[in-house]
Amino acid sequence: MHRRASDYGLAQSGASGSCQTKMAACAIRRGLWSTVSGYRRRQALRVLNVDFNSRPESYRQPSLCSSCSPFAAAQARLLSSRNRPEGKVLETVGVFEAPKQHGKYETGQLFLHSVFGYRGIVLFPWHARLYDRDVTPPTTESKSEPPGTHGSKEVKGKTHTYYQVLIDTRDCPHISQRSQTEAVTFLANHDDSRALYAIPGLDYVSHEDILPYSSTDQVPIQHELFERFLMFNPSKVPPFIPRDTLRAWQEKNHPWLELSDVHRETTENIRVTVIPFYMGMREAQNSHVYWWRYCIRLENMGNEVVQLRERHWRIFSLSGTLETVRGRGVVGREPVLSKEQPAFQYSSHVSLQAPSGHMWGSYRLERPNGTFFDIRIPPFSLESKKDDTPNGFLPGPFSSLP
């Protein structure tokens, strides 16, 4: 269940277990958004179909304006033989529901990810403070920026809902080039302070990324943790309720799972979203080492094709050190962001010999004509928490599961 990633890195993303059936989640979105113009408001619910025989080359991200909202998209008309490409076989997997404009989704809610196209199910919600530098609040309600971040504007955190979710493993191979499917890492009880472990198929999803649907299938999501965390109860809505193991797992691993702050900023139509997580503290060579992971999503909000070429990080530690890191690409890749493939998401890690610090930086992107431009990575805090476990070790996430 656990994959070890050495040298502070992650193992190559991929599906857990064998997937005999080819499934292209992106086919759902491409077909869905192509039919939005034909939806009628009186037809509130539509059947969700999946292409199981082939994988399209690309899918298009929707433009969520007032006339083309997730609610409108969720009511798109049925994909039928008249509008699917020749040779494609569509199989019904569920019925779209109206996305929630207010409130939150409950544990057991099935959904389609509006950006990456995978099928998933909600485990539990998190309430985060979103610091959006694309919105300028009054100065009196602002939050101070970290030292050294010259020219950054002050922002106020606004509460926003995110969800811990399971990804359907059948979809993992088709999103591995756009998003890491093993982005959640943890420190296990191990003498090797460099050892990181990854849990396959867990993700953090923003409220607006969820396109909810319902299914009569008692096991609609293929994931090794699905039946250990959830059970089918037809009298409930949604009909999947948490088992005691899910509640115990959430309570036990809350310190390293918790999402608290989200930072966002847009430069030259490229939006960068950063979510930092505190992982814990280790003792190494008679000193304390504090660990964080951070998840970053890059989204192309414009029409121009660009490619990420370099990263430039500045890492400030409370101990007084300031480190500069430069390198090619991110996690060994130089992703292309286009209108058809607008987003890329990855996770990485940082350790400090101090309980807190800050990070900020920039990415260098290249246009098709060979010119370069820099986009800002919003500054974010690295804050530690009090560890209640001996020696600061965080327990492995499944050690108490049956």
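What about the overall build of the protein?
A count of helices and strands for the protein gives five helices and 21 strands. Counting every position in the protein, which comprises 402 residues, the buried fraction comes to 55%. Approximately 18300 Å² of the protein is accessible, and the part contributed by carbon and sulfur atoms is 47%.

Some points on the packing of aromatic side chains
Think of a pair of aromatic rings as described by two things: how far the centres are apart, and how the planes are tilted against each other in angle. Inspection of every chain in the model, using the stated rule, returns 13 aromatic pairs. Ring geometry for Phe 124 versus Trp 126: centroids 5.4 Å apart, planes at 85°, classification edge-to-face. Each member of the pair, Phe 124 as well as Trp 126, is classed as buried. Every member of this aromatic cluster is reached through a ring pair, and the members are Phe 124, Trp 126, Phe 229 and Trp 249.

Some remarks on helix α5 (residues 244-257)
Its axis deflected by about 45° at Glu 251, α5 carries its strongest bend there, up to four residues before the proline Pro 255. Taken as a whole, α5 has its buried residues at Thr 245, Leu 246, Trp 249, Asn 253, Trp 256 and Leu 257.

Here's the deal with the pattern of salt bridges
Across all of its chains, the model carries 16 salt bridges by this definition. The salt bridge involving Asp 244 is made with Arg 247; its shortest N-O contact spans 3.1 Å. Here Asp 244 and its partner Arg 247 are both found in helix α5, three residues apart, which amounts to about one turn of the helix. The class of Arg 247 is partly exposed, set by a relative accessible area of 44%.

Examining the nonpolar core
Counting residues in each nonpolar core, the largest one holds 34 residues, and the members touching the most others are Ile 121, Leu 123, Trp 249, Leu 257 and Leu 259. Of the residues forming this core, the biggest block, six residues, is contributed by strand β5 (residues 119-132). Aside from chain neighbours lying at most four places away, what touches Ile 121 is Gly 108, Gln 109, Leu 110, Phe 111, Gln 164, Val 165, Leu 166, Ile 221, Phe 226, Leu 230 and Phe 240. Listed in part, the 28 residues of the second largest apolar core include Val 274, Phe 344, Tyr 346 and Leu 382.

Concerning the pairing of β5
Across a regular strand the side chains alternate sides, sitting on one face of the sheet and then on the other. Along β5, 12 of the 14 residues are buried, which leaves the element largely enclosed by surrounding structure. Bridging between strand β4 (residues 110-113) and β5 involves three bridges; their strand directions are antiparallel. Counterpart to Leu 112 in the pairing with β5 is Arg 119. Linkage of β4 to β5, two consecutive antiparallel strands, is achieved through a turn of five residues, within which Gly 117 is found at a positive phi near 80°. As paired strands, β5 and strand β6 (residues 158-167) are joined by 10 bridges and run antiparallel to one another. Across the sheet, residue Ile 121 finds its bridge partner in β6, namely Leu 166.

Some words on the confidence of the model for the protein
When pLDDT drops low, the exact placement of atoms in the prediction is not to be read closely. Overall, the predicted model of the protein reaches an average pLDDT of 75, with 66% of residues at or above 70. Of the regions scoring below 50 in pLDDT, residues 50-85 engages in 103 contacts with residues more than four places distant in sequence or in other chains. Taken as a whole, residues 148-152 scores under 50 in pLDDT and shows five contacts with residues more than four places along the chain or in a different chain.

Quick word on the pairing of strand β10 (residues 210-214)
Of all five residues that make up β10, four are buried, and the element is covered over most of its length. Relative to β10, β4 is paired through four bridges, and the arrangement is antiparallel. Looking at the pairing, Leu 110 lines up with Tyr 213 of β10.

Some remarks on the side chain of Arg 297
In this fold, Arg 297 is placed in strand β15 (residues 287-300). For Arg 297, a relative accessible area of 10% puts it in the buried group. At 2.8 Å, the side chain of Arg 297 and the side chain of Asp 209 are in polar contact. Side-chain polar atoms of Arg 297 contact the side chain of Gln 345, separated by 3.3 Å. Beyond its immediate sequence surroundings of up to four residues, Arg 297 is in contact with His 113, Val 115, Phe 116, Asp 209, Arg 271, Val 272, Thr 273, Phe 344 and Gln 345.

Quick notes on the environment of Met 301
Here Met 301 is to be found in the loop between β15 and β16 (306-317). Overall, the relative accessible area of 40% leaves Met 301 in the partly exposed class. For Met 301 and Asn 269, which are 32 residues apart along the polypeptide, the C-alpha to C-alpha distance reads 5.1 Å. Once residues lying within four places of it in the same chain are set aside, the contact partners of Met 301 are Asn 269 and Arg 271.

Details of unusual backbone geometry
For the peptide bond that leads from Val 237 to Pro 238, omega is -5°, which places it in the cis range. Locating Pro 238 in the fold gives a position in the loop between β11 (230-232) and β12 (240-242). In this structure, Asn 269 is a non-glycine residue whose phi angle is positive, near 70°. Along the chain, the position of Asn 269 falls in the loop between β13 (261-267) and β14 (270-284). By relative accessible area, Asn 269 is classed as partly exposed at 46%. Positive phi values are uncommon outside glycine, yet Val 331 reaches one of about 40°. Within the element layout of this structure, Val 331 appears in the loop between β17 (322-328) and β18 (336-337). The exposure class assigned to Val 331 is partly exposed, which follows from its relative accessible area of 38%.

What counts, and where the lines are drawn
- All chains use their own residue numbering, which begins from 1 and follows the written sequence.
- For this predicted model, a pLDDT threshold of at least 70 governs which residues receive local features, and a threshold of 80 or more governs which side-chain atom pairs are given and counted, while totals over whole chains, interfaces and linings are taken from all residues.
- No hydrogens and no water enter the side-chain calculation; it runs on all heavy atoms of the structure.
- Strands are runs of DSSP state E lasting at least 2 residues, helices are runs of H or I lasting at least 4, and numbering of each runs from the N terminus.
- Buried, partly exposed and exposed residues are distinguished by accessible area as a fraction of the type maximum, computed with a 1.4 Å probe on protein chains only: under 20%, between the cut-offs, and over 50%, respectively.
- Note on areas: Shrake-Rupley with a 1.4 Å probe; residue coverage comes only from the protein chains shown.
- Only Phe, Tyr and Trp rings are paired, with Trp represented by its six-membered ring, and only when their centres lie within 6.5 Å; those with planes under 30 degrees apart are stacked, over 60 edge-to-face, the remainder tilted.
- At any given residue, the bend is defined as the angle formed between two axes, one fitted to the seven residues that end at that position and one fitted to the seven that begin there.
- Salt-bridge detection follows one rule: a side-chain nitrogen of Lys or Arg within 4 Å of a carboxyl oxygen of Asp or Glu.
- In this text, buried Ala, Val, Leu, Ile, Met, Phe, Trp, Tyr and Cys residues form a nonpolar core when linked through side-chain atoms within 4.5 Å.
- What makes two residues a contact is simply this: any of their non-hydrogen atoms within 4.5 Å.
- Whether two strands pair depends on DSSP finding at least two bridges between them.
- Per-residue confidence from the prediction method is given by pLDDT, with values spanning 0 to 100.
- Polar contact criterion, stated in full: a pair of N or O atoms within 3.5 Å, where within protein one must be able to donate a hydrogen and the other to accept it, and residues adjacent in sequence count only if both atoms are side-chain atoms.

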